[in-house]
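What follows is each chain in one-letter form.
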Amino acid sequence: MPAINEILDQKLFSKENLVTLLKAEGVDGLLLLQKAGELKQQTVGNKVYFRGLIELSNVCEKDCLYCGIRRSNKKVQRYNLTDEEVLEAARFAYRERYGSIVIQSGEVTNETFVARIERLTTEIKQLSDNKLGITLSLGEQTDEVYRRWFRAGAHRYLLRIESSNPELYRKLHPDDGLHTYEQRLEALTLLKKIGYQTGTGVMIGTPFQTLEDLASDLLFFKDFDIDMVGMGPFIEHDDTPFNTPQTDALPLSARFNLSLKMVAILRLMMPDINIAATTALQAIDPLGREKAVKAGANIIMPNITPASYRNDYRLYNNKPCTDEEPEQCSGCLDARLALADSEIGYGEWGDSKHFRKKDKG
Ligand code: SAH
(Lines give C-alpha, C1' and ligand atoms only; values in the text may rest on other atoms or scores of the structure.)
Protein backbone atom coordinates (compact mmCIF):
# COMPACT_ATOMS: atom_id res chain seq x y z
CA MET A 1 0.00 0.00 0.00
CA PRO A 2 1.42 3.44 -0.92
CA ALA A 3 2.53 5.81 1.87
CA ILE A 4 0.48 8.92 2.64
CA ASN A 5 3.06 11.12 0.95
CA GLU A 6 2.88 9.14 -2.24
CA ILE A 7 -0.92 9.12 -2.27
CA LEU A 8 -0.99 12.89 -1.84
CA ASP A 9 1.77 13.77 -4.29
CA GLN A 10 0.65 11.45 -7.04
CA LYS A 11 -3.07 11.98 -6.41
CA LEU A 12 -3.77 8.29 -6.13
CA PHE A 13 -7.38 8.63 -5.06
CA SER A 14 -8.65 5.07 -5.30
CA LYS A 15 -11.31 4.10 -2.80
CA GLU A 16 -8.77 2.12 -0.81
CA ASN A 17 -6.34 5.03 -0.65
CA LEU A 18 -9.12 7.40 0.37
CA VAL A 19 -9.85 5.14 3.34
CA THR A 20 -6.14 5.27 4.22
CA LEU A 21 -6.28 9.07 4.14
CA LEU A 22 -9.42 9.12 6.28
CA LYS A 23 -7.58 7.01 8.84
CA ALA A 24 -4.50 9.26 8.85
CA GLU A 25 -3.60 10.36 12.38
CA GLY A 26 -0.79 12.38 13.96
CA VAL A 27 1.89 13.64 11.55
CA ASP A 28 0.16 12.00 8.57
CA GLY A 29 -3.12 13.67 9.42
CA LEU A 30 -1.44 17.05 9.76
CA LEU A 31 0.35 16.58 6.45
CA LEU A 32 -2.98 15.96 4.76
CA LEU A 33 -4.57 19.13 6.18
CA GLN A 34 -1.49 21.18 5.38
CA LYS A 35 -1.25 20.02 1.76
CA ALA A 36 -4.92 20.77 1.21
CA GLY A 37 -4.51 24.26 2.71
CA GLU A 38 -1.57 24.94 0.41
CA LEU A 39 -3.37 23.72 -2.68
CA LYS A 40 -6.36 25.89 -1.82
CA GLN A 41 -4.15 28.99 -1.74
CA GLN A 42 -2.82 28.11 -5.18
CA THR A 43 -6.18 27.39 -6.78
CA VAL A 44 -9.07 29.35 -5.24
CA GLY A 45 -6.83 31.67 -3.16
CA ASN A 46 -7.20 32.84 0.43
CA LYS A 47 -10.59 34.51 0.07
CA VAL A 48 -13.57 33.25 1.98
CA TYR A 49 -16.99 34.12 0.60
CA PHE A 50 -20.07 34.72 2.70
CA ARG A 51 -23.54 33.35 2.07
CA GLY A 52 -25.99 34.95 4.49
CA LEU A 53 -28.23 32.10 5.62
CA ILE A 54 -31.95 32.79 5.93
CA GLU A 55 -33.82 29.93 7.60
CA LEU A 56 -37.18 30.68 6.03
CA SER A 57 -39.30 28.07 7.77
CA ASN A 58 -39.02 24.86 9.79
CA VAL A 59 -42.26 23.44 8.43
CA CYS A 60 -41.32 20.15 6.75
CA GLU A 61 -43.10 17.39 4.85
CA LYS A 62 -40.19 15.00 5.25
CA ASP A 63 -39.34 12.77 8.19
CA CYS A 64 -35.58 12.20 8.02
CA LEU A 65 -34.61 10.08 11.01
CA TYR A 66 -31.67 12.32 11.99
CA CYS A 67 -33.24 15.75 11.66
CA GLY A 68 -34.66 17.86 14.48
CA ILE A 69 -37.31 19.54 12.32
CA ARG A 70 -38.67 16.26 10.93
CA ARG A 71 -42.43 16.11 10.44
CA SER A 72 -42.99 13.72 13.35
CA ASN A 73 -41.26 15.91 15.93
CA LYS A 74 -44.27 17.38 17.67
CA LYS A 75 -42.14 19.35 20.12
CA VAL A 76 -40.99 21.83 17.50
CA GLN A 77 -42.74 25.14 17.36
CA ARG A 78 -43.27 25.59 13.62
CA TYR A 79 -42.67 29.02 12.10
CA ASN A 80 -42.59 30.87 8.82
CA LEU A 81 -40.74 34.15 8.43
CA THR A 82 -42.92 36.88 6.99
CA ASP A 83 -42.04 38.15 3.51
CA GLU A 84 -40.91 41.40 5.08
CA GLU A 85 -38.56 39.57 7.43
CA VAL A 86 -37.01 37.70 4.51
CA LEU A 87 -36.59 40.89 2.51
CA GLU A 88 -35.14 42.69 5.52
CA ALA A 89 -32.59 39.90 6.00
CA ALA A 90 -31.68 40.17 2.30
CA ARG A 91 -31.28 43.96 2.63
CA PHE A 92 -29.03 43.38 5.63
CA ALA A 93 -26.85 40.99 3.60
CA TYR A 94 -26.70 43.47 0.73
CA ARG A 95 -25.79 46.35 3.04
CA GLU A 96 -23.11 44.28 4.74
CA ARG A 97 -21.75 43.33 1.30
CA TYR A 98 -22.18 39.62 1.84
CA GLY A 99 -22.35 38.97 -1.90
CA SER A 100 -24.89 36.17 -1.66
CA ILE A 101 -27.64 34.72 0.45
CA VAL A 102 -28.97 31.20 0.94
CA ILE A 103 -32.66 30.62 1.53
CA GLN A 104 -33.09 27.34 3.36
CA SER A 105 -36.19 25.73 4.75
CA GLY A 106 -37.91 22.49 5.59
CA GLU A 107 -39.33 20.79 2.53
CA VAL A 108 -42.70 22.08 1.32
CA THR A 109 -44.03 21.35 -2.14
CA ASN A 110 -47.37 23.15 -2.48
CA GLU A 111 -48.05 25.88 -5.02
CA THR A 112 -48.37 28.61 -2.36
CA PHE A 113 -44.83 27.89 -1.21
CA VAL A 114 -43.45 27.59 -4.73
CA ALA A 115 -45.02 30.88 -5.81
CA ARG A 116 -43.80 32.57 -2.64
CA ILE A 117 -40.18 31.58 -3.27
CA GLU A 118 -40.50 32.70 -6.87
CA ARG A 119 -41.80 36.09 -5.74
CA LEU A 120 -39.21 36.53 -2.98
CA THR A 121 -36.39 35.62 -5.35
CA THR A 122 -37.57 38.20 -7.87
CA GLU A 123 -37.94 40.86 -5.18
CA ILE A 124 -34.52 40.21 -3.69
CA LYS A 125 -32.90 40.49 -7.12
CA GLN A 126 -34.71 43.82 -7.56
CA LEU A 127 -33.89 45.29 -4.16
CA SER A 128 -30.22 44.48 -4.66
CA ASP A 129 -29.99 45.77 -8.19
CA ASN A 130 -29.34 42.18 -9.30
CA LYS A 131 -26.17 42.14 -7.23
CA LEU A 132 -27.04 39.71 -4.47
CA GLY A 133 -26.48 36.08 -5.50
CA ILE A 134 -29.27 33.74 -4.46
CA THR A 135 -28.77 30.11 -3.46
CA LEU A 136 -31.78 27.98 -2.64
CA SER A 137 -31.81 24.97 -0.34
CA LEU A 138 -35.42 23.85 -0.31
CA GLY A 139 -35.21 20.14 -0.85
CA GLU A 140 -36.60 17.95 -3.60
CA GLN A 141 -38.91 19.67 -6.05
CA THR A 142 -40.11 18.97 -9.58
CA ASP A 143 -38.27 19.95 -12.74
CA GLU A 144 -40.84 22.67 -13.39
CA VAL A 145 -40.45 24.18 -9.91
CA TYR A 146 -36.66 24.23 -10.16
CA ARG A 147 -37.02 25.95 -13.54
CA ARG A 148 -39.40 28.60 -12.21
CA TRP A 149 -37.03 29.49 -9.39
CA PHE A 150 -34.08 29.54 -11.77
CA ARG A 151 -35.92 31.90 -14.09
CA ALA A 152 -36.76 34.12 -11.12
CA GLY A 153 -33.03 34.58 -10.50
CA ALA A 154 -31.74 31.84 -8.19
CA HIS A 155 -28.47 30.59 -9.59
CA ARG A 156 -27.24 28.04 -7.07
CA TYR A 157 -28.96 25.16 -5.32
CA LEU A 158 -27.89 23.02 -2.38
CA LEU A 159 -29.26 19.54 -1.96
CA ARG A 160 -27.24 17.10 0.07
CA ILE A 161 -27.23 13.52 -1.14
CA GLU A 162 -26.80 12.65 2.59
CA SER A 163 -25.15 9.39 1.56
CA SER A 164 -24.10 8.11 -1.85
CA ASN A 165 -24.68 4.55 -0.65
CA PRO A 166 -28.35 3.73 -1.42
CA GLU A 167 -28.42 1.16 1.36
CA LEU A 168 -27.18 3.65 3.96
CA TYR A 169 -29.55 6.29 2.56
CA ARG A 170 -32.39 3.86 3.28
CA LYS A 171 -31.27 3.43 6.87
CA LEU A 172 -31.20 7.18 7.46
CA HIS A 173 -34.69 7.76 6.12
CA PRO A 174 -38.11 6.23 6.76
CA ASP A 175 -39.50 3.75 4.27
CA ASP A 176 -42.62 5.75 3.41
CA GLY A 177 -42.19 6.29 -0.32
CA LEU A 178 -41.23 9.94 0.22
CA HIS A 179 -37.56 9.30 0.88
CA THR A 180 -35.82 7.40 -1.87
CA TYR A 181 -32.22 7.60 -2.98
CA GLU A 182 -33.30 7.49 -6.62
CA GLN A 183 -35.51 10.56 -6.20
CA ARG A 184 -32.70 12.41 -4.50
CA LEU A 185 -30.26 11.63 -7.26
CA GLU A 186 -32.84 12.54 -9.90
CA ALA A 187 -33.39 15.94 -8.23
CA LEU A 188 -29.65 16.64 -8.24
CA THR A 189 -29.43 15.63 -11.89
CA LEU A 190 -32.28 18.01 -12.79
CA LEU A 191 -30.62 20.91 -10.98
CA LYS A 192 -27.42 20.41 -12.89
CA LYS A 193 -29.22 20.13 -16.21
CA ILE A 194 -31.19 23.33 -15.64
CA GLY A 195 -27.96 25.21 -15.12
CA TYR A 196 -27.78 25.79 -11.40
CA GLN A 197 -24.41 25.74 -9.73
CA THR A 198 -25.16 22.58 -7.87
CA GLY A 199 -24.05 21.79 -4.38
CA THR A 200 -24.38 18.60 -2.41
CA GLY A 201 -22.90 16.98 0.66
CA VAL A 202 -23.14 14.40 3.38
CA MET A 203 -23.19 14.13 7.14
CA ILE A 204 -20.14 12.61 8.74
CA GLY A 205 -20.41 10.09 11.56
CA THR A 206 -24.05 9.06 11.12
CA PRO A 207 -25.27 5.74 12.49
CA PHE A 208 -24.32 2.77 10.27
CA GLN A 209 -21.77 4.77 8.25
CA THR A 210 -18.32 3.32 7.51
CA LEU A 211 -15.10 4.91 6.25
CA GLU A 212 -15.71 3.08 2.97
CA ASP A 213 -19.03 4.93 2.68
CA LEU A 214 -17.27 8.27 3.15
CA ALA A 215 -14.63 7.32 0.57
CA SER A 216 -17.45 6.52 -1.87
CA ASP A 217 -19.08 9.87 -1.08
CA LEU A 218 -15.89 11.64 -2.12
CA LEU A 219 -15.77 9.64 -5.35
CA PHE A 220 -19.43 10.45 -5.93
CA PHE A 221 -18.76 14.22 -5.72
CA LYS A 222 -16.01 13.82 -8.25
CA ASP A 223 -17.95 11.57 -10.65
CA PHE A 224 -21.01 13.78 -10.46
CA ASP A 225 -18.72 16.73 -11.22
CA ILE A 226 -20.27 18.78 -8.45
CA ASP A 227 -19.64 22.54 -8.12
CA MET A 228 -20.03 23.02 -4.38
CA VAL A 229 -19.97 20.81 -1.32
CA GLY A 230 -21.13 21.31 2.25
CA MET A 231 -20.54 18.53 4.73
CA GLY A 232 -20.24 18.38 8.45
CA PRO A 233 -20.48 16.13 11.46
CA PHE A 234 -23.72 14.41 12.33
CA ILE A 235 -24.88 15.54 15.76
CA GLU A 236 -27.69 13.83 17.64
CA HIS A 237 -30.95 15.67 18.26
CA ASP A 238 -32.87 14.65 21.39
CA ASP A 239 -36.27 14.45 19.73
CA THR A 240 -35.38 12.14 16.84
CA PRO A 241 -35.05 8.35 16.51
CA PHE A 242 -31.27 8.84 16.35
CA ASN A 243 -31.15 10.62 19.69
CA THR A 244 -28.68 8.32 21.41
CA PRO A 245 -25.33 7.29 19.96
CA GLN A 246 -25.06 3.59 19.07
CA THR A 247 -22.51 1.61 21.05
CA ASP A 248 -19.94 1.82 18.25
CA ALA A 249 -20.63 5.50 17.43
CA LEU A 250 -17.67 7.83 16.97
CA PRO A 251 -17.25 10.42 19.72
CA LEU A 252 -18.04 13.97 18.56
CA SER A 253 -14.34 14.88 18.52
CA ALA A 254 -13.63 12.01 16.11
CA ARG A 255 -16.52 13.07 13.84
CA PHE A 256 -15.05 16.55 13.87
CA ASN A 257 -11.57 15.36 12.89
CA LEU A 258 -13.00 13.14 10.22
CA SER A 259 -14.94 16.11 8.83
CA LEU A 260 -11.76 18.16 8.54
CA LYS A 261 -10.10 15.28 6.71
CA MET A 262 -13.07 14.99 4.34
CA VAL A 263 -12.74 18.70 3.51
CA ALA A 264 -9.00 18.41 2.98
CA ILE A 265 -9.21 15.31 0.77
CA LEU A 266 -11.98 16.80 -1.32
CA ARG A 267 -9.96 19.97 -1.86
CA LEU A 268 -7.11 17.82 -3.16
CA MET A 269 -9.44 15.84 -5.42
CA MET A 270 -11.39 18.85 -6.72
CA PRO A 271 -9.09 21.89 -6.37
CA ASP A 272 -11.42 24.51 -7.89
CA ILE A 273 -14.83 23.81 -6.32
CA ASN A 274 -16.44 25.75 -3.48
CA ILE A 275 -16.36 23.95 -0.15
CA ALA A 276 -18.31 25.22 2.85
CA ALA A 277 -17.04 25.32 6.40
CA THR A 278 -20.33 24.21 7.94
CA THR A 279 -22.03 25.39 11.12
CA ALA A 280 -22.17 21.87 12.56
CA LEU A 281 -18.36 22.01 12.87
CA GLN A 282 -18.73 25.02 15.11
CA ALA A 283 -21.22 23.15 17.28
CA ILE A 284 -18.42 20.79 18.29
CA ASP A 285 -15.44 23.16 18.31
CA PRO A 286 -15.86 26.95 18.69
CA LEU A 287 -13.12 27.41 16.09
CA GLY A 288 -14.40 24.58 13.93
CA ARG A 289 -15.20 26.61 10.85
CA GLU A 290 -11.84 28.39 10.93
CA LYS A 291 -10.08 25.05 11.14
CA ALA A 292 -12.01 23.87 8.08
CA VAL A 293 -11.01 27.03 6.22
CA LYS A 294 -7.38 26.24 6.98
CA ALA A 295 -7.89 22.70 5.69
CA GLY A 296 -9.38 23.78 2.36
CA ALA A 297 -12.87 25.27 2.79
CA ASN A 298 -13.63 28.69 1.23
CA ILE A 299 -17.30 29.40 2.00
CA ILE A 300 -18.97 30.41 5.26
CA MET A 301 -22.68 30.84 5.82
CA PRO A 302 -23.28 33.40 8.59
CA ASN A 303 -26.77 33.04 9.97
CA ILE A 304 -28.90 36.11 9.24
CA THR A 305 -32.24 34.68 10.35
CA PRO A 306 -33.94 37.02 12.88
CA ALA A 307 -32.84 35.80 16.32
CA SER A 308 -36.37 35.14 17.60
CA TYR A 309 -36.73 32.21 15.18
CA ARG A 310 -33.30 30.70 15.36
CA ASN A 311 -33.96 28.47 18.27
CA ASP A 312 -36.70 26.76 16.31
CA TYR A 313 -34.55 25.89 13.30
CA ARG A 314 -32.69 23.37 15.37
CA LEU A 315 -31.52 20.48 13.20
CA TYR A 316 -29.29 19.06 15.97
CA ASN A 317 -28.43 19.63 19.63
CA ASN A 318 -26.16 22.49 20.57
CA LYS A 319 -26.56 24.49 17.34
CA PRO A 320 -24.37 27.59 17.80
CA CYS A 321 -25.31 31.29 17.65
CA THR A 322 -29.02 30.72 18.18
CA ASP A 323 -29.22 33.75 20.46
CA GLU A 324 -27.48 36.37 18.32
CA GLU A 325 -28.97 39.02 16.08
CA PRO A 326 -27.35 39.12 12.59
CA GLU A 327 -25.57 42.40 13.36
CA GLN A 328 -23.56 40.64 16.03
CA CYS A 329 -22.20 38.06 13.61
CA SER A 330 -20.19 40.18 11.20
CA GLY A 331 -17.58 41.52 13.62
CA CYS A 332 -17.24 38.11 15.11
CA LEU A 333 -16.64 36.47 11.73
CA ASP A 334 -14.03 39.01 10.60
CA ALA A 335 -12.02 38.32 13.71
CA ARG A 336 -12.42 34.60 13.39
CA LEU A 337 -11.30 34.44 9.78
CA ALA A 338 -8.24 36.54 10.43
CA LEU A 339 -7.12 33.60 12.53
CA ALA A 340 -7.18 31.35 9.51
CA ASP A 341 -5.02 33.70 7.38
CA SER A 342 -7.96 34.44 5.17
CA GLU A 343 -9.66 37.50 3.84
CA ILE A 344 -13.36 37.93 3.20
CA GLY A 345 -14.50 38.43 -0.40
CA TYR A 346 -16.90 41.28 0.38
CA GLY A 347 -19.46 42.17 -2.26
CA GLU A 348 -18.46 39.28 -4.51
CA TRP A 349 -20.52 36.29 -5.56
CA GLY A 350 -17.56 34.00 -5.22
CA ASP A 351 -18.95 31.54 -7.75
CA SER A 352 -17.48 28.09 -8.02
CA LYS A 353 -14.47 28.39 -10.34
CA HIS A 354 -15.19 24.83 -11.32
CA PHE A 355 -18.63 25.79 -12.60
CA ARG A 356 -17.31 28.83 -14.48
CA LYS A 357 -14.76 26.68 -16.27
CA LYS A 358 -17.38 24.14 -17.34
CA ASP A 359 -19.57 27.04 -18.48
CA LYS A 360 -16.88 28.29 -20.83
CA GLY A 361 -15.77 24.85 -21.93
N1 SAH B 1 -34.96 20.81 3.47
C2 SAH B 1 -33.66 21.17 2.97
C3 SAH B 1 -32.71 21.62 4.05
C4 SAH B 1 -32.42 20.56 5.06
S5 SAH B 1 -31.47 20.95 6.45
C6 SAH B 1 -33.10 19.99 2.21
O7 SAH B 1 -33.68 18.91 2.27
O8 SAH B 1 -32.10 20.13 1.55
C9 SAH B 1 -29.85 20.99 5.78
C10 SAH B 1 -28.95 19.84 6.14
O11 SAH B 1 -28.79 19.70 7.54
C12 SAH B 1 -29.43 18.47 5.73
O13 SAH B 1 -29.20 18.25 4.38
C14 SAH B 1 -28.62 17.53 6.63
O15 SAH B 1 -27.48 17.04 5.97
C16 SAH B 1 -28.20 18.45 7.79
N17 SAH B 1 -28.67 17.88 9.07
C18 SAH B 1 -29.92 17.52 9.41
N19 SAH B 1 -29.94 16.95 10.63
C20 SAH B 1 -28.67 16.95 11.08
C21 SAH B 1 -28.04 16.47 12.27
N22 SAH B 1 -28.72 15.88 13.22
N23 SAH B 1 -26.69 16.64 12.39
C24 SAH B 1 -25.99 17.25 11.41
N25 SAH B 1 -26.53 17.69 10.27
C26 SAH B 1 -27.84 17.55 10.10
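The preceding data block contains the structure.
Reading the values: the criteria
- Residues numbered from 1 in each chain as written.
- Predicted model: local features only at pLDDT ≥ 70, side-chain atom pairs only at ≥ 80, totals over all residues.
- Heavy atoms only, no water.
- Near = heavy atom within 4 Å.
- Polar contact = N/O pair within 3.5 Å; in protein donor to acceptor, adjacent residues only side chain to side chain.
- Areas by Shrake-Rupley, 256 points an atom, 1.4 Å probe, with all protein chains shown as cover.
- Nonpolar A, V, L, I, M, F, W, Y, C, P; charged D, E, K, R; others polar.
- Core = buried A, V, L, I, M, F, W, Y, C linked by side-chain atoms within 4.5 Å.
- Buried < 20%, exposed > 50% of the residue type's maximum accessible area, 1.4 Å probe, protein only.
- Helix = DSSP H or I, 4+ residues; strand = E, 2+ residues; numbered from the N terminus.
- Contact = heavy atoms within 4.5 Å.
- Salt bridge = Lys/Arg side-chain N within 4 Å of Asp/Glu carboxyl O.
- Expected span 1.5 Å × (residues − 1).
- Arc of directions from axis to C-beta.
- Pairing = 2+ DSSP bridges.
- Right-handed = clockwise from strand over helix to strand, strands pointing away.
- Phe/Tyr/Trp six-rings, centres within 6.5 Å; stacked < 30°, edge-to-face > 60°.
- Lys NZ or Arg CZ within 6 Å of the ring centre and 35° of its normal.

### Some details on the site of the ligand
Neighbouring residues of the ligand: 18 residues in total, closest Tyr-66, Ser-105, Arg-160, Glu-162 and Ile-235. Contact distances for the ligand include 2.8 Å between an oxygen atom and a side-chain N or O atom of Arg-160. Against a free-state accessible area of 560 Å², the protein chains account for coverage of 92% of the ligand. Residues that form the shell around the ligand fall into these classes: nine nonpolar, five polar and four charged.

### So, the nonpolar core
Ranked by internal contacts, the top residues of the largest apolar core, which has 101 residues, are Ile-101, Trp-149 and Phe-221. Broken down by element, the residue count for this core peaks at 10 residues, all from helix H10 (residues 252-269). Once you skip the residues sitting within four places of it in the chain, Ile-101 turns out to touch Arg-51, Gly-52, Ile-54, Ala-90, Ala-93, Ile-124, Leu-132, Gly-133, Ile-134, Thr-135 and Ile-304. Residues Tyr-49, Leu-53, Ile-299 and Met-301 belong to the second largest nonpolar core, which totals six residues.

### Focus: the pattern of salt bridges
Side chains bearing opposite charge may pair, as long as their charged atoms lie close to each other. Within this structure, the stated rule accounts for 29 salt bridges. The shortest N-O distance in the salt bridge between Asp-129 and Lys-131 comes to 3.3 Å. Classification of Asp-129 as exposed rests on a relative accessible area of 53%. Here Lys-131 falls in the partly exposed class, since its relative accessible area comes to 49%. In this structure, Arg-147 and Asp-143 form a salt bridge, with 3.2 Å as the shortest nitrogen-oxygen distance. With Arg-147 and Asp-143 both in helix H6 (residues 143-152) and four residues apart, this pair spans about one turn of that helix. Of the residues examined, Arg-147 reaches a relative accessible area of 28% and is grouped as partly exposed. For Asp-143, a relative accessible area of 28% corresponds to the partly exposed category. Each of Lys-62, Glu-107, Glu-140, Glu-162 and Arg-184 takes part in one network of salt bridges that share partners.

### Digging into the environment of Leu-287
Here Leu-287 is to be found in the loop between helix H11 (279-284) and helix H12 (288-294). Taking C-alpha positions, Leu-287 is 7.7 Å from Arg-336, a pair spaced 49 residues apart along the chain.

### Thoughts on helix H3 (residues 26-43)
Spacing of three or four residues puts side chains on the same side of an α-helix, whose turn is 3.6 residues. Relative to the 26 Å expected for 18 residues at 1.5 Å per residue, H3 spans 26 Å between its end C-alpha atoms, a close match to the ideal helical length. Of the residues making up H3, those classed as buried are Gly-29, Leu-32, Ala-36, Gly-37, Leu-39 and Lys-40. Within H3, the buried residues cover an arc of 165 degrees as seen down the axis, which keeps them to one side. Opposite the buried face of H3, by more than 90 degrees, sit the exposed residues Val-27, Leu-30 and Gln-42. Where the residues of H3 are buried, they touch helix H1 (4-10), helix H2 (15-23), H10 and H12. At the exit of H3 stands Gly-45, carrying a positive phi of roughly 85 degrees.

### Brief notes about the pairing of strand S5 (residues 197-200)
Residues of S5 alternate between two faces, with Gln-197 and Gly-199 on one and Thr-198 and Thr-200 on the opposite face, all of them buried. Across three bridges, strand S4 (residues 156-158) lies against S5 in parallel orientation. Bridging across to S5, Tyr-157 finds its partner in Thr-198.

### Re the environment of Met-231
Here Met-231 shows up in strand S7 (residues 228-233). Expressed as a C-alpha distance, the spacing of Met-231 and Ala-277, which sit 46 residues apart in the sequence, is 7.8 Å. If near-sequence neighbours (up to four positions away) are discounted, Met-231 is found in contact with Arg-160, Val-202, Ile-204, Phe-221, Met-262, Val-263, Leu-266 and Thr-278.

### Focus: the pairing of S7
Of all six residues making up S7, six are buried, and the element is well covered by its neighbours. Judged from the two bridges that link them, strand S6 (residues 203-204) and S7 form a sheet pairing that is parallel. Within S7, the residue paired with Ile-204 across the bridge is Pro-233. Assessed by its sense of winding, the connection that carries the chain from S6 through helix H9 (residues 211-224) to S7 is right-handed. When S7 meets strand S8 (residues 274-277), the two strands line up parallel, connected through four bridges. The partner of Met-231 across the bridge, within S8, is Ala-277. Handedness of the crossover is the feature at issue here: the chain leaves S7, passes through H10, returns alongside S8, and the resulting connection is right-handed.

### So, the packing of aromatic side chains
This structure, assessed with the given rule, holds 14 aromatic pairs. An angle of 80 degrees between the planes, with centres 6.0 Å apart, marks the rings of Phe-92 and Tyr-98 as edge-to-face. Ring centres 6.3 Å apart and planes at 70 degrees place the aromatic pair Phe-208 and Phe-242 in the edge-to-face group. In this pair, Phe-208 sits in the loop between S6 and H9 while Phe-242 sits in the loop between S7 and H10, placing the two residues 34 residues apart along the sequence. A relative accessible area of 39% places Phe-208 in the partly exposed class. These aromatic residues form a ring-pair network of at least three members: Phe-50, Phe-92, Tyr-98 and Tyr-346. Directly above the ring of Phe-224 sits Lys-192, whose terminal nitrogen or CZ lies 4.3 Å from the centroid.

Keep in mind these numbers describe shape, not what the thing actually does.
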